[in-house]
Amino acid sequence: MKTADRIFVALDTADEKTALDLAGRLKGLTGGVKLGKEFFTAHGPEGVAKVAAHAAKVFLDLKFHDIPATVRGAVSAALRLKPFMLNVHAAGGEKMMRAAAEAAREAGPGRPLVLAV
């Protein structure tokens, strides 16, 4: 793995045009981009899909944190966006984190990495 592939650039913006431009310019130079709550709240799954079409990989930084069943459902819903990785808030506890990991396994071999923060 090249060093650049390990670098994800945070697109901490709610502006879709800026995110699309940066994602396109960074493709091939970094491992991918991170989209967080600000962008997701402004543009939803459709916005994430648009950026993903321009980026190498997407880290979906939504820090899911709720009861295990709800986090499982959120991760399952996120799978259709095909993120390279996503995260959960570790304060949700072991059961919640396990539920997230189990839901991610539903994607099979191309499943996203699940990080706890």
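Going by the structure above, here's the rest.
Residues numbered from 1 in each chain as written. Predicted model: local features only at pLDDT ≥ 70, side-chain atom pairs only at ≥ 80, totals over all residues. Heavy atoms only, no water.

A. Looking closely at the side chain of Thr-13. The residue Thr-13 is located in the loop between strand 1 (8-10) and helix 1 (16-26) in this model. One polar contact links the side chain of Thr-13 to the main-chain amide nitrogen of Asp-15, over a distance of 3.0 Å. In this structure Thr-13 touches Thr-18, Ala-19, Glu-38 and Phe-39, once residues within four positions along its chain are discounted. (Helix = DSSP H or I, 4+ residues; strand = E, 2+ residues; numbered from the N terminus. Polar contact = N/O pair within 3.5 Å; in protein donor to acceptor, adjacent residues only side chain to side chain. Contact = heavy atoms within 4.5 Å.)

B. Spotlight on the sheet that holds strand 2 (residues 32-36). Strands sit in the order 1-2-3-4-5 across an open sheet of 5 strands; the sheet is parallel. Among the strands making up the open sheet, the edge pair consists of strand 1 and strand 5 (113-116). This sheet shows a mean twist of 25 degrees between the axes of neighbouring strands, independent of strand direction. Relative to strand 3 (residues 58-64), helix 3 (residues 68-78) is tilted by about 160 degrees, and along the sheet it contacts strand 3 and strand 4 (85-88). (Pairing = 2+ DSSP bridges. Axes fitted to C-alpha atoms, helices over the stretch in contact; angles between N-to-C directions.)

C. Local environment of the packing of aromatic side chains. Scanning all chains against the criterion turns up 1 aromatic pair. For the ring pair Phe-8 and Phe-84, a centre distance of 5.7 Å and an interplane angle of 15 degrees mean the geometry is stacked. Note that Phe-8 is positioned in strand 1 and Phe-84 in the loop between helix 3 and strand 4, a separation of 76 residues in sequence. Given the relative accessible area of 28%, Phe-84 is considered partly exposed. The residue whose ring lies beneath Lys-57 is Phe-84, and the NZ or CZ to ring-centre distance is 4.2 Å. (Phe/Tyr/Trp six-rings, centres within 6.5 Å; stacked < 30°, edge-to-face > 60°. Buried < 20%, exposed > 50% of the residue type's maximum accessible area, 1.4 Å probe, protein only. Lys NZ or Arg CZ within 6 Å of the ring centre and 35° of its normal.)

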